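This is what each chain is made of:
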Amino acid sequence: MNILDKIVADKRREVELKKSLIPASQLMQSVMMDRETLSLAKQLRKSRSGIIAEHKRRSPSKSIINNSLNVEDVTEGYEQAGVCGMSVLTDGKYFGGSLDDLLLARASTNIPLLRKEFIIDEYQILEAKAYGADVILLIAAVLSRSEIKILSETAKALRLEVLLEVHNDTELEKSLMPSLDMLGVNNRNLKNFEVSLETSKLLASKIPDDFVKVSESGIGSIEAIKELRPFGFQGFLIGENFMKTDNPGLSAQKFIMGLEK
Ligand SMILES: O=C(O)c1ccccc1NCC(=O)[C@H](O)[C@H](O)COP(=O)(O)O
């Protein structure tokens, strides 16, 4: 079993256990259900930098990245840096994240927040809304077309935006539908962790212009963004490059200043 299959198998069990304790009807009662959501897609369209900065403590590919910071400080730092939005990993077992991280990030900022999670069930979308997300991620590698349709339409009904992530032609071709807002190309192969920016460049022209294009993973320099922009990318999701430093907000700020020069 590859790591992605293992993550998803664990996730299915986790979601069923959670459902047995906190029913969906209870999540629906959260005060956050009525919260006006913020649009990441709009921010990316009008931004000069397009940076989506991630809160990421560890990962299956890199083990520990940074375990010594609190999410509130990271969030405030990213906001001050002028990022377009923030991605918060909520998986516990493989990334050391939690829904509490999302909630604390929400309490600390008014920038759009993406719940970065392996979403396989509508229940997780209710959680995303209840804990303050504006955007959810759907990963084409682990979902069928009909699952993408149901999950993205559920998100839209809750006024959440949807970032659909693909890694190859087949995933892209099966996934295109109007209930998506942003199309992300993951430069990392989630089955073997190989990273190449060429993946974004190869898929870019196949993504219709109606979707905001986001390049994800393995972006470690301003030059990389300058290389990707001519292919139509308006969003750049960066995790490790900021989180591996003592002050991710300051790193993001320097990065953005470099881009705006
Ligand atoms: O990052 C991983 O090792 C990973 C492994 C398996 C599934 C997902 C994984 N990452 C999730 C992400 O999408 C990245 O955290 C995100 O794109 C930022 O990537 P990076 O800038 O390379 O930290």
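This is a predicted model, so every value here is computed, not measured.

1. Overview of the packing of aromatic side chains
Alright, step 1. All chains considered together, the criterion is met by three aromatic pairs.
Alright, step 2. Each ring, one from Phe242 and one from Phe255, has its centre 5.4 Å from the other, and the planes form 85 degrees; the classification is edge-to-face. Of the two residues, Phe242 sits in helix 11 (residues 240–243) while Phe255 sits in helix 12 (residues 248–260), which places them 13 residues apart along the sequence. One exposure class covers both Phe242 and Phe255, and it is buried.
Alright, step 3. An aromatic cluster is defined as three or more aromatic residues linked by ring pairs; in this entry it consists of Tyr78, Phe242 and Phe255.

2. Looking at the site of the ligand
Alright, step 1. Lining the immediate surroundings of the ligand are 19 residues, of which Glu54, Lys56, Ser61, Lys116 and Ser217 lie closest.
Alright, step 2. In the model, an oxygen atom of the ligand is placed 2.4 Å from a nitrogen or oxygen of the Lys116 side chain.
Alright, step 3. In this structure, Glu240 approaches the ligand through a main-chain N or O atom, which is 2.8 Å from an oxygen atom.
Alright, step 4. Protein chains bury 98% of the 510 Å² of accessible surface belonging to the ligand in isolation.
Alright, step 5. The cavity where the ligand resides is the largest pocket.
Alright, step 6. Of the residues assigned to the shell around the ligand, the class counts are seven nonpolar, six polar and six charged.

3. Brief notes about unusual backbone geometry
Alright, step 1. The phi dihedral of Ser63 is positive, around 60 degrees, even though this residue is not glycine.
Alright, step 2. Note on placement: Ser63 falls in strand 3 (residues 63–64).
Alright, step 3. Using a relative accessible area of 46% as the deciding quantity, one classes Ser63 as partly exposed.
Alright, step 4. One non-glycine residue, Arg159, lies in the positive phi region at around 60 degrees.
Alright, step 5. Its location among the elements puts Arg159 in the loop between helix 7 (145–157) and strand 7 (161–166).

4. Considering the layout of surface pockets
Gaps between atoms show up when a probe of the same size as a water molecule is rolled over them.
Alright, step 1. In this structure, the largest pocket occupies an estimated 450 Å³ of space.
Alright, step 2. Together, 31 residues line the largest pocket, and Glu54, Lys56, Lys116, Arg188 and Ser217 are the ones closest to its centre.
Alright, step 3. Among the elements of the structure, helix 1 (3–21), strand 6 (135–139), strand 10 (233–238) and helix 11 are those that each provide at least two residues to the lining of the largest pocket.
Alright, step 4. The greatest single-element share of the lining of the largest pocket, amounting to three residues, is contributed by helix 1.
Alright, step 5. Across the lining of the largest pocket, the residue classes tally to 14 nonpolar, eight polar and nine charged.

5. A short note on the pattern of salt bridges
Pairing of side chains with opposite charge becomes possible as their charged atoms draw close.
Alright, step 1. Summed over all chains, the structure comprises 21 salt bridges.
Alright, step 2. Close ionic contact of Lys149 with Glu153 constitutes a salt bridge, the shortest N to O distance being 3.0 Å. Taken together, the residues Lys149 and Glu153, both in helix 7 and four residues apart, mark about one turn of the helix.
Alright, step 3. The exposure class assigned to Lys149 is partly exposed, which follows from its relative accessible area of 42%.
Alright, step 4. Counted as one network, the salt bridges with shared partners bring together Lys11, Glu14, Lys18, Asp91, Arg115, Glu117 and Glu127.

6. Re the UniProt feature "domain: Indole-3-glycerol phosphate synthase" (unreviewed entry) in the protein
Alright, step 1. Within this numbering scheme, the UniProt entry marks residues 4–250 as carrying the feature "domain: Indole-3-glycerol phosphate synthase" (unreviewed entry).
Alright, step 2. With 40% helix and 18% strand, the stretch residues 4–250 has end C-alpha atoms that lie 32 Å from each other.

About the criteria used
- Residues numbered from 1 in each chain as written.
- Predicted model: local features only at pLDDT ≥ 70, side-chain atom pairs only at ≥ 80, totals over all residues.
- Heavy atoms only, no water.
- Phe/Tyr/Trp six-rings, centres within 6.5 Å; stacked < 30°, edge-to-face > 60°.
- Helix = DSSP H or I, 4+ residues; strand = E, 2+ residues; numbered from the N terminus.
- Buried < 20%, exposed > 50% of the residue type's maximum accessible area, 1.4 Å probe, protein only.
- Near = heavy atom within 4 Å.
- Polar contact = N/O pair within 3.5 Å; in protein donor to acceptor, adjacent residues only side chain to side chain.
- Areas by Shrake-Rupley, 256 points an atom, 1.4 Å probe, with all protein chains shown as cover.
- 1 Å grid on protein atoms, 1.4 Å probe; cavity = no way out; pocket = protein on both sides within 12 Å on 5 of 7 lines; lining within 4 Å.
- Sits in = over half its atoms within 2 Å of the grid points.
- Nonpolar A, V, L, I, M, F, W, Y, C, P; charged D, E, K, R; others polar.
- Points joined across faces, edges and corners; volume = space filled by probe spheres on them.
- Salt bridge = Lys/Arg side-chain N within 4 Å of Asp/Glu carboxyl O.
- UniProt positions renumbered as here; feature names shortened; annotations may be inferred.

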